[in-house]
Every structure is written in structure tokens, then in C-alpha cells.
There are 2 protein chains.
Amino acid sequence: MQQYHKERLHMDMQQTVLDNGLKIYYIPKPGFSKTFAMLATNFGSVDASFTLDGVRYDTPAGVAHFLEHKMFEDEDGNALQKFGKTGASPNAFTSHSMTAYHFSCTDGFAENLEILLKFVFTPYFTEQNVEKEKGIIGQEIGMIEDTPDWAAFVGMYAGLYHEHPVRVSIAGSVDSIAGITPDVLFTCHRAFYSPANMSLTVCGTADFDEIVRMAEQLSPREAARVAARHYGTRQETVASPVVERRMAVSQPTFLLGFKDAPLAAGESRQRRQLIGDLAARILCGTTSPLFGELYEERLVNRRFENSYTILPEAAAAAFGGESRDPEAVRDRLIAAVRAYAASGVPEELFSRMKKACYGLNVRALDQLDELCRMQAELGFADECCLDFADVYDTITAEDVREMFARWAQPDRTSLSVIRPIQTEETV
Amino acid sequence: MQQYHKERLHMDMQQTVLDNGLKIYYIPKPGFSKTFAMLATNFGSVDASFTLDGVRYDTPAGVAHFLEHKMFEDEDGNALQKFGKTGASPNAFTSHSMTAYHFSCTDGFAENLEILLKFVFTPYFTEQNVEKEKGIIGQEIGMIEDTPDWAAFVGMYAGLYHEHPVRVSIAGSVDSIAGITPDVLFTCHRAFYSPANMSLTVCGTADFDEIVRMAEQLSPREAARVAARHYGTRQETVASPVVERRMAVSQPTFLLGFKDAPLAAGESRQRRQLIGDLAARILCGTTSPLFGELYEERLVNRRFENSYTILPEAAAAAFGGESRDPEAVRDRLIAAVRAYAASGVPEELFSRMKKACYGLNVRALDQLDELCRMQAELGFADECCLDFADVYDTITAEDVREMFARWAQPDRTSLSVIRPIQTEETV
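Within every chain, residues take consecutive numbers counted from 1 along the sequence as written. Chains carry letters from A onward and ligands carry numbers from 1 onward, assigned in written order. Given that this is a predicted model, residues contribute local features only at a pLDDT of at least 70 and side-chain atom pairs are listed and counted only at 80 or more, while totals for whole chains, interfaces and linings are drawn from all residues. Hydrogens and water are ignored here; the side-chain numbers use all heavy atoms of the structure.

## Thoughts on the interface of chain A and chain B
For this analysis, residues touch if any pair of their heavy atoms sits within 4.5 Å. Facing the 53 residues of chain A at the interface are 53 residues of chain B. In what follows, salt bridge is the name for a side-chain nitrogen of Lys or Arg lying within 4 Å of a carboxyl oxygen of Asp or Glu. Between chain A and chain B we count four salt bridges in total. Salt-bridge contacts for A:Glu296 lead to B:Lys132; the nearest nitrogen and oxygen are separated by 2.9 Å. What qualifies as a polar contact is a pair of N or O atoms within 3.5 Å, subject to a donor-acceptor requirement within protein and to the restriction that residues adjacent in sequence count only when both atoms come from side chains. Taken together, the connections running from chain A to chain B amount to 18 residue pairs in polar contact (both at pLDDT 80 or more). When residues of the side of chain A that touches chain B are traced back to their parent elements, those giving at least two are α1 (63-71), α2 (79-86), β10 (99-105), α4 (127-145), α10 (289-296) and α12 (347-364) of chain A. The numbering of helices and of strands both runs from the N terminus, where a helix is a DSSP run of H or I of at least 4 residues and a strand a run of E of at least 2. At nine residues, α4(A) tops the list of elements feeding residues into the side of chain A that touches chain B. Charged residues are taken to be Asp, Glu, Lys and Arg, nonpolar residues to be Ala, Val, Leu, Ile, Met, Phe, Trp, Tyr, Cys and Pro, and polar residues to be all remaining types, Gly included. Taken together, the residues of the side of chain A that touches chain B break down into 16 nonpolar, 20 polar and 17 charged.

## Quick notes on the side chain of B:Ser194
Residue and element names in this part refer to chain B. Assignment of secondary structure puts Ser 194 in the loop between α7 (182-192) and β11 (198-204). For Ser 194, the side chain forms a polar contact with the main-chain oxygen of Ala 224, separated by 2.8 Å. If we skip the residues at most four places from it in the chain, Ser 194 touches His 189, Ala 223, Ala 224 and Val 226.

## Considering the UniProt feature "domain: Peptidase M16 C-terminal" (unreviewed entry) in chain A
UniProt positions are given in the numbering used here, feature names are shortened, and annotations may be inferred rather than shown by experiment. Look at the UniProt record and you will see "domain: Peptidase M16 C-terminal" (unreviewed entry) annotated at residues 180-356 of chain A. Its end C-alpha atoms 45 Å apart, residues 180-356 of chain A is made of 42% helix and 22% strand.

## Notes on α2(A)
Buried residues of α2(A): A:Ala79, A:Phe83, A:Gly84 and A:Thr86, and no others. All buried residues of α2(A) lie within an arc of 160° about the axis, which places them on one face of the element. Those residues of α2(A) that are buried are in contact with β8 (77-78), β9 (89-94), β10 and α3 (109-121) of chain A together with α12 (347-364) of chain B. For α2(A), the N-terminal cap is A:Asn78; the gap from its side-chain oxygen to the backbone nitrogen of A:Leu80 is 2.7 Å. Downstream of α2(A) by a residue or two, A:Gly87 has a phi angle that is positive, lying close to 85°. Buried residues are those whose accessible area, probed at 1.4 Å on protein chains only, stays under 20% of the maximum for their type, while exposed residues exceed 50% and partly exposed ones sit between those limits. Relevant arc is that of directions from the helix axis to the C-beta atoms, nothing else.

## A short note on the relation of the copies chain A and chain B
Copies overlap after least-squares fitting; the atoms used are the C-alpha atoms of residues with pLDDT of at least 70 in both. By a simple turn and slide, chain A fits onto chain B: the slide is 0.0 Å along the axis, the RMSD is 0.0 Å, and the turn is 180°. Here the copies are linked by what is in effect a two-fold axis. Every residue of chain A has its C-alpha some distance from the rotation axis, and the shortest such distance is that of A:Gly31, at 2.5 Å. Interface overlap between copies is the fraction of interface residues in one copy that are interface residues in the other; for chain A against chain B it reaches 100%, indicating a shared surface.

Below, the structure written as C-alpha cells:
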């Protein structure tokens, strides 16, 4: 067992790794009413192609999300109903790179943790329940495909990457999930739900020794071999500079992606993420000089968003929202990136934004779900979320300039635009 | 100054009312990294018609939301930029019944509180900046009108009420906001941004005496008279049992409203809200018997939602999501309401759901923004959010049955449905 203490944040973390490889993190949060627990596997939508025990599998797009849905069902009923009896709030999500199951509760922590560990480590798939789920997930896919924001998001990744599976929507399509069978699900569970590929993170008020004892009892004794993943051939430039679609929107919705270099071997994931968040905010956060100009010119509105995302063998910044002229916004963003890359980031701007980003990170410590998600993500890279304050100290304006210099290279952007359906008058 | 102490929740609240009528609440949250402050006025989208100093005003729909946007602008710049320099996260929202301005920060609390108090109490509207805002808000309205969930929400209230202004969308329409002038905004600010109609709530780590001292210095000395509001003639039954619209969705999106009696004079708002939340969860929360059946039959999916809302002279429960057959879901919901109204709520179900609702309320104490919003809302009714635990003790299955009996009366439901646009094949 290791104990971290971060005096400047007034926070601690206890951690250990079980013999079967399961990582366990506990962050005490005295003063909080609830306790949050997350059991996560390092397996997301991009991990659909892999090799396990010498056999290559190319599973249908959307299999990680499908598996998440099916895990809740056990031979003796649905885990949601079991949590319902304890009064806890359970949920789950699948991202590009992770599947996580979690609950929050105010009492009965051990009882809830037992339900969580049992259902996630117990695969139960039948022909019948898999077929039925296809209808349910098919509806979910239909709904999400109706959403302009989601369509812009999917389009951006399709524009940025040639082969990387991030090009494909997390939930897959009605066609792709048609190919999912109980066998496929059992294979994925075996390949990626090995304790050696997973972590259990708890924030709030609990007994670390009890967590460890329960996890030892309720997780598989053996660390099954984890599959090797395939992400396709890597290319530095984008697949398409513009990706367009038409939907029923009143004005264009867009997302501009800057393709960055993937994490290098040995590079700190946390440091890259903090530099990326900082760069995104400096370039076009709501208090940045460029955002102020674009807002004044009514090219963007208050819902403009920026983000920086790290995935296996991929990393990208994204900027977007609604605009009457997405191409104009893109051109201004690219011009600003080139200017910062050439002349550096002014020290006053850098300090102000660094302070703001640091504040956001400190405030996120109050968000137990967010804290668990961060530690789960960083834990897969053997890093600790409480180190962010120390890592910030090492970040300079030159680090941000270097990132902008990578974004400023030719053919590194893709603009995904959802345009209004043309009405008869304008055709 | 009054001091509440809730031993069973391990929480305190300090409160006072300034001579000018401003209510101040402070809830210490030791162990939290951030501090959250909210300055709220008891003025929302439903308060567009009022009488002030003997004159009746019928202002354009959407004026409260428009005013919220314009408040950020001051003669010496935009408040968002001022917060940007301190590293705090500011924001604001307008609901049917409230406008609130808030920030969260990790340090520099006093500096941020000063910015908040100054900009909310300083109206600054010019012909030019009001005209410009019409374009910005017009775009926002267009975007929100594209959203099926929002359209279903607006349709439900239009179906439930004959005259009540909740029928109209919070932001109004492009046409209605065209009628907004600086004069209209000054009148509304005078009518409803009187300290006697407002509250300041702080959760986190701050010095109560300093909050009070600053609020005294930075709020108007005099309590301006607050306007009297007009909500139209009240009717017990609904305006339309079904409201339909077509949009680009893959399957129908719907919201079923049950029209309840408005809060009676002297009735506890908190108690009604807790009974309403409990009734909604018992009827069709995700762990309710009915939801289990509907989910099994694929009539609803996991995104099904339930809520209970109290507004001035109005109260309603809402249930909805996506369904291949909204009418079937409505019929099942109504049948279940009638059954509970006739036979009562089984004690086991009642206890389990009460425990779950209580847990949700306790967990909400960790959500500082939510806690401030709750206290702001309850403070306008001179109630205290920390009383919920004691209030729960008084709630019985019979209270819930009585609410169901009101919902079960004839002509108390309105079904708002957004149907897919018919394609040529199906016409």
C-alpha cells in the first residue's frame, strides 16, 4: 500500500495493486455527504481490433458500449434493481478509451461495492438478451445521431484520422451492432475485463482495508492476459480538411479539430493534458483575446467550447459551437495558432490562463465523480491525479508555444460542419 | 443573525436580512476546495406582466432572460472579463421563476463577490447594446428551438395551462424580444431587482460577517417597492390533452404533464416538493415497478425522466423521453396513478423510494451550485433547505396517495409529442 499526501491541496490518496493486477485508489473526502466508487476498464470504443492468445479479432464497431449495457444483466436479475433497493445511484459510461461502472451512496457502502464488483466481473449473455438489446441500443443510436453536436463531433474525428478507430461513433451503428453475438461479448470480456486491465477508485468516506479485502474476494483470482490492440497505420496529417453534413438546424454547428502528435513513450499523460487544456483556453477560452473579438463580431456565442483530448495513439484539440460562418472562425483560429507558434504566448496571458486552469482543477476536486474518472484515466498510465499542482509548476509559456507549433503545421486541421437543410426558397 | 444547526446532517447555516430586505445565507462546507456564491432575484420568465406604482406593464415574453444577458455589461466593460482576471468561473441562468448570477472560486472570494454585487445592482442599457443583443439572443432561441426535448417541454406547458405565462418559452421568441427596449429593461430591473426581492447565498469557506458587510456596502440602501405579478385566470383542468409537433427525430420524443393544484397559502414549499419528487419516482422512476414493465416492453429506454415542478400559481409533474408509442406510455402512467390513488401506495415501495429520495437529497449537499439554488428558491418562501430531513419524517404514504388522487382527476394531463417528420415513403 502506498500513501500520497499533497499538503498544498490538503488531500491524501491511498493505493495498492492486487496480485491479480487490479489497481485500487482511495481518496478520502471528509466533509462530503456521499461516497463515490468507480470500477473502470481500460477498454473503449477504439479497442475493437485486438489480438488475444495469438488470434486476431476484428469485432463490430460499438462492441464496448454494447458490452456495458449487457453487463448490468445477471442470471439473478438486473444490477440496477439491486442498487435500487439500497438507495444508491448507479450508472455507467463508455468513452473512446474507457468503460466505467459507478455508484454514489450515502450509506451501505460495502453492500453497494459488493453489487458493483459482482456484476462487472460476471459475464452473462444469452442469444435472447443480446438480440433484445440490439433494439434498445439501436434506438439510442438513432437518438444520438439526431443530435447536431454529436454529428459534428463524429465528423471531426472522421476528418482528422485516416484509419484510427476514433473515426467511428462510440456506440457504432445499427448495422455494425447487428454483428454482435454472445460469443463476441464473451471474447471482449475475457480480453479486457481482466483485473490487470482495470481499476477501482473510491472517493468519499470508506475504509481502505475493507475495500481491498472485498476487491480481493470478489475479483477473479488470476490476472487473465490482456489483449494487444490495433489502431491502424498512423499518419501525421488529416484525412479531410472539411467534413460536411446537413441537418435540421437553424444555423451551422461546427467543430474544428487540430491534430496533435500522440503521447510519446514515457511522456507524462497528465502534463500533456494540462498543457493541452491551457493551450485550448489561451487560444479561444471565453476570456481569451480571440474569443472576445469573435464574440464582438457575432461569429460565436456563449456556448462556444474548447477541449483537448488524449487517446491511445491519438491526441487532438477541438473548438466549436454555432456560427453563421464556421470557415471564418476556422481561419481566425488557425491564424492565432500560427501567431502564437511564431511569437510565443504573452507572459501576462499565460499567467492569467494558467491561474484559471489551476483553479478549475482545484475546484474539480469537489466533484467526486470527476475526481474518480480522472484518477481512473491517469491510473491506467500509472499517474496520480493529485500531482497536477506540482506538474503545473513545471509548465512554461514555451511548452504551450511548442504545442501551438505542432498544431500550426500544414494539414493538421479538420473542420466538421453541420449545415442547415436548404429550404426550397434558398435552393 | 440566525444560526441553524442540523446535527443529523452535520451542517450549519447562518442567515440574516439586511435593512433593505436582501436575504443572506451562508452554508459552511469545510473540506471543499471551492466556494460558490449566488445572487438571485425572484423574477423569472413568468413575471412579464406586473403592476408597479399603480401602472400595469405587459412586457415582451423573454424579458427576464434578455435582462440576464444585458446585466453582464457595465459602463466600464463586461463582468465576465472581470471575473476572468480573478480566475473565478461566473455564470447565470433564467428559469420560469428565478434569475440567478453566480460564481465559484478557490481564492479571492471578496474580490469576486464585489464584482458580482456591483454588476447585478448596476443597470446599464443603451439603444445600441440592446439592439445588438437581439441578434445574439435570437440565435440562442433558434438553437434551442431546434432541440426536441425543449420543444416537448414547451408544448407540455402550453397544453397544461390556458393563460399562465409558463405556456411561453423562457427566452421568448425572435418576434417577442423585438419589442424590448432599454426602457423596458430599466422598468423590469426597478420592479424586480430590488434587494427586497433578492437573496445572496454562499456555500463553501467564507466569513459571514464580511459577506454581510460587503452586501450592505454594495447593495442599494433603499428597498424599492417590488411589483405585483399577474398570472392570468386560473383553471383546474388542462388547455389541451395532446399537443403535437413534427421535427427531425428518429422516433417520437414526448413529455406527459400532470397538472397539480398550485401551492396553497401557508403550505410548505419544501414539503410539497419532496412529496412531488417522491410521487414522481414511485410512479415511474427507473427502479419503480411501472418503469420495469415499460422497459421490458421496450416502450421506454434508460433516458426516461421524471420531475415535479412548483411555480407561482402552478405545479406539475412531468414524465417523458423517447418512445415508439407515447400514447401507450401515457395510458399506462394514468392507469398507475389511478390505481395508487384508489388503493394507496404499498408500504414497501413507499419506504424504499423515500429512502432513495432522502439519499439523493443528502448527496445534493455535496453539490454547492445545487445547494445554493435550492436555498435561493426556498429562501424566497422563507424556508431552509437543511430542514428537508425533518420534513421527510412527516411525509407518509397517504400524502403521496393524496397527490396521486389530484393527478387522477379528469382532464389533468397533457401529452406533448414531437413526432418524426414523415418521409415520402410513409405519407
